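Coordinates in review
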Amino acid sequence: MRNMVKVFRTLCAGATATLVTSCGLDPGGAAAGGADGTGRAAQALATDGQVCVTVQRGAGAAGAADAVIWEDAPSWNDSASPTLSTGTSEAGGLRRSLIRFDLPGLPSGASVVSASLSLSQTYKTVDSTVRVHRVTSAWDEPTVSWASFGDAFDPAIAASFTSGGGTGVRSADVTQLARAWVSGEAANHGVLLEEDPVLRTDYHSSENAQIERQPKLALCYVTCDDGIQNGDEDGVDCGGACAPCGGQPPECVPTASVSQVRPFSLFVAFDRSTSMRQASFGVNVSVHRWIPATGALKDFFSDPESAGLGVAFRFWPHDNPGSCINNVCPPPGGGGCALPLVPFDGTTARRLTAAPAPFDQQELALVSAIDSFPIPLGDTPMYPALDGATTWAINYKNAHPAEEVAVVFITDGTPSHCNTSPDAIAGLAQSAFEGHGVRVHAVGFGDSSAALIDAIAERGGGQAHNLTAGPTLRAGLRDALASIRAEASPCEVPVPAAGVEDPALVSVVHESSAGAATTLTPRSGPGACGGGGWYFTDATSTRVKLCPETCADVRESAGGEVRAIVTCAADGPRP
């Protein structure tokens, strides 16, 4: 979950009525902790002329990282999940969450006047107190675990907040911590979140596709060159943290954003029940459901942006290659529902490529399976279908622990046979995600239940897409699949803020797992990708994307990183 920051700067001028929310933070705050855990207010500083930045996933000048560490899986690294957790899991064992915001390069002499950590909590009814501690040693997001981290945090409570009350944003005042980090009094290794071992609280992580749900640090500061006496200054831009006669101008700080490289494999379970072609009153609805939905799947499989993906695929209900039909409820594990019509074995040769079929053999197999399939027929045995899909994904994940593995579950109906309990069906997704790190994404349209689609995705740590059958379905499903693909894609990287301001300073580097760095060739756009390289996604220069050929090559080199680097002007522009 290492990501870069999105920085929004607003000059807050005292009583101006249009300030961003973070400019109105109380610099005293609540629960800025002392050793006794009772909390104490941070010293208030003058805020006139303050500058406020919000640090979270996206383009910006510094990095962000988060991970969950599990007591009952002490060697497991849980850094790619879209969910953070504290407290006790259903299976027992504590969970703690680590979050680090690498602060943007603030001007020399800047004084922090307020800082607030905000998290988007998922559903929970019972209140509990979540405590925030300062982390005392460095940790690496893609490798940190309960065993490697140990107790590397200050037992003093730096802040706290109350979870519960359904869903929503929960915030903690971390002004004192941010001041210590910025001043150099304490090294910025981030914070640890923990709570008593009787409940569990879940939050959206930086992997969540919706930026408003991602963790953020809202920080406001004053500078030594704003022409205002503020912060702890003794006079206008002098004294306190500033030099006697004013501060120095901000120095250039080279910055980089990073995307980790992990292979990504999917099990796509696609509903082919009768309702895909015929409504309950006998009207043919194929043009509104089956035709656009299968068209979207073929678009996705043939998209050069899918290069490097591993895809296994099956229809349900169907008896090919194993029984996954209405009138036979299989044993736990889904029985034949766990057998893909189009298998995937984890080899490079079976991953999708940027080349079209028939040169791409897996694309050919997937598209042919759809084109040659009989007409939709049957009811909606949703529980065994999802049970089989998650069983395949869990088994594959166990055999390929370094990969990101997910299920994409697509339906136009509601459960009709075997176990029809929505809670039980969503529980399958929860078990796959919490017990094995397999995310479950759910897509519904037509007669599907939006509440059930949401529950499957929410409890399965995935994305929910409730679409509308009809002329917009093909594009909507194609976009949903692309959004799922993007969650684990190393091929699109945010650009630090300095690069947005001066795109000529941006370079893109691929570093292999062995540490070998290759500077990639800049291209003018996707149409100029012959020979590979990268290009800006649009005229805003906020993100770079690897050319399909390069993306496929990068995906095959698991364990590395892709970096969008912004040099200082004095260092020279990119080659």
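Predicted model only: the values in this text are computed from it and were never measured.

**Thoughts on helix H8 (residues 473-487)**
The end-to-end C-alpha distance of H8, which contains 15 residues, comes to 21 Å, matching closely the 21 Å that a straight helix rising 1.5 Å per residue would cover. For H8, every residue scored as buried is listed here: Leu 473, Leu 477, Ala 480, Leu 481, Ile 484, Arg 485 and Glu 487. Taken down its axis, H8 places every buried residue within 160° of arc, on the same side. As for H8, its buried residues are in contact with strand S15 (264-271), helix H3 (290-302), strand S17 (404-411), strand S18 (439-444), strand S19 (461-466) and helix H10 (548-555).

**Details of the sheet that holds S15**
Judged by pairing direction, the sheet is parallel, and its five strands sit side by side in the order S16-S15-S17-S18-S19 without closing on themselves. What marks the edges here is a single partner per strand, and that holds for strand S16 (310-316) and S19. Averaged over neighbouring strand pairs, the angle between their axes works out to 15° when direction is ignored. In this structure, S15 lies alongside S16, joined through seven bridges in parallel fashion. When the bridges of S16 are listed, Ser 265 appears paired with Gly 310. Those strands touched by H3 are S15, S16 and S17, and its axis lies near 165° from that of S15. Against the sheet, helix H5 (residues 382-399) makes contact with S15, S16, S17 and S18, and its axis sits at roughly 165° relative to S17, the strand it touches most.

**Topic: the confidence of the model for the protein chain**
For the protein chain, the mean per-residue pLDDT works out to 80, and 78% of the residues sit at or above 70. Note that residues 245-252 has pLDDT below 50 and, in this model, 12 contacts with residues that lie over four places away or in other chains. Low pLDDT (under 50) marks residues 570-575, which in the prediction has 14 contacts with non-local residues, meaning those over four places away or in another chain.

**Focus on empty space enclosed by the protein**
Scanning all chains against the criterion turns up one cavity of 30 Å³ or more. When its volume is computed, the largest cavity comes out at roughly 60 Å³. Lining the largest cavity are Ile 99, Arg 100, Phe 101, Leu 117, Val 174, Trp 181, Gly 190, Val 191 and Leu 217. Per-element accounting of the lining of the largest cavity gives the leading share, three residues, to strand S6 (residues 94-101).

**A closer look at the pattern of salt bridges**
Pairs may arise between side chains of opposite charge once their charged atoms sit close together. Counted by the stated rule, this structure contains 20 salt bridges. A salt bridge links Asp 154 to Arg 134; the shortest N-O distance between them is 3.5 Å. Remark: Arg 134 occurs in strand S8 (residues 128-134) and Asp 154 occurs in the loop between helix H1 (146-149) and strand S9 (159-163); sequence separation between them is 20 residues. Under the relative-accessibility criterion, Asp 154 is labelled partly exposed at 23%. Given the relative accessible area of 24%, Arg 134 is considered partly exposed. The closest approach of N and O atoms between Asp 299 and Arg 478, which form a salt bridge, is 2.7 Å. A residue pair is termed long-range when its members are at least 10 positions apart, and Asp 299 in helix H3 and Arg 478 in helix H8 qualify at 179 residues. Taking the relative accessible area as the measure of exposure, Arg 478 reaches 32% and is therefore partly exposed. What you see here is one network of salt bridges that share partners, running through Arg 95, Arg 200, Asp 202 and Glu 434.

**Topic: the sheet that holds strand S24 (residues 543-546)**
Whether parallel or antiparallel, the strands of a sheet pair through hydrogen bonds between backbone atoms. Read from one edge to the other, the open sheet built from three strands follows the order S20-S24-S23, with strand pairing classed as antiparallel. Edge positions in the open sheet fall to strand S20 (492-494) and strand S23 (534-536), since each of these has one partner strand only. Geometrically, the sheet is characterised by an average inter-axis angle of 25° between neighbouring strands, direction not taken into account. Examined bridge by bridge, S23 and S24 share three bridges and lie antiparallel to one another. Bridged to Phe 536 within S24 is Val 544.

**Topic: the nonpolar core**
Leu 217 and Leu 219 are the most contacted members of the largest nonpolar core, which totals 33 residues. Setting aside anything within four residues of it in sequence, one finds Leu 217 in contact with Val 53, Thr 54, Val 55, Phe 101, Leu 103, Ala 115, Ser 116, Leu 117 and Val 174. Grouped together as the second largest cluster of nonpolar side chains are 30 residues, Trp 290, Phe 301, Ile 410 and Leu 477 included.

**A closer look at the packing of aromatic side chains**
Enumeration according to the criterion identifies 14 aromatic pairs in this entry. With 5.0 Å between their ring centres and 10° between their planes, Trp 316 and Phe 409 make a pair best called stacked. Of this pair, Trp 316 sits in strand S16 while Phe 409 sits in strand S17, and the two are 93 residues apart along the sequence. For Phe 409, a relative accessible area of 0% puts it in the buried group. Chaining the aromatic ring pairs together yields one cluster made of Phe 270, Trp 290, Phe 300, Phe 301, Phe 313, Phe 315 and Phe 373. A cation sits over an aromatic face here: Arg 95 above Trp 70, 3.8 Å from the ring centre. Its end group placed over the ring of Trp 139, Arg 100 keeps NZ or CZ at 4.6 Å from the ring centre.

What counts as what
- Residues numbered from 1 in each chain as written.
- Predicted model: local features only at pLDDT ≥ 70, side-chain atom pairs only at ≥ 80, totals over all residues.
- Heavy atoms only, no water.
- Helix = DSSP H or I, 4+ residues; strand = E, 2+ residues; numbered from the N terminus.
- Expected span 1.5 Å × (residues − 1).
- Buried < 20%, exposed > 50% of the residue type's maximum accessible area, 1.4 Å probe, protein only.
- Arc of directions from axis to C-beta.
- Contact = heavy atoms within 4.5 Å.
- Pairing = 2+ DSSP bridges.
- Axes fitted to C-alpha atoms, helices over the stretch in contact; angles between N-to-C directions.
- pLDDT = per-residue confidence, 0-100.
- 1 Å grid on protein atoms, 1.4 Å probe; cavity = no way out; pocket = protein on both sides within 12 Å on 5 of 7 lines; lining within 4 Å.
- Points joined across faces, edges and corners; volume = space filled by probe spheres on them.
- Salt bridge = Lys/Arg side-chain N within 4 Å of Asp/Glu carboxyl O.
- Core = buried A, V, L, I, M, F, W, Y, C linked by side-chain atoms within 4.5 Å.
- Phe/Tyr/Trp six-rings, centres within 6.5 Å; stacked < 30°, edge-to-face > 60°.
- Lys NZ or Arg CZ within 6 Å of the ring centre and 35° of its normal.

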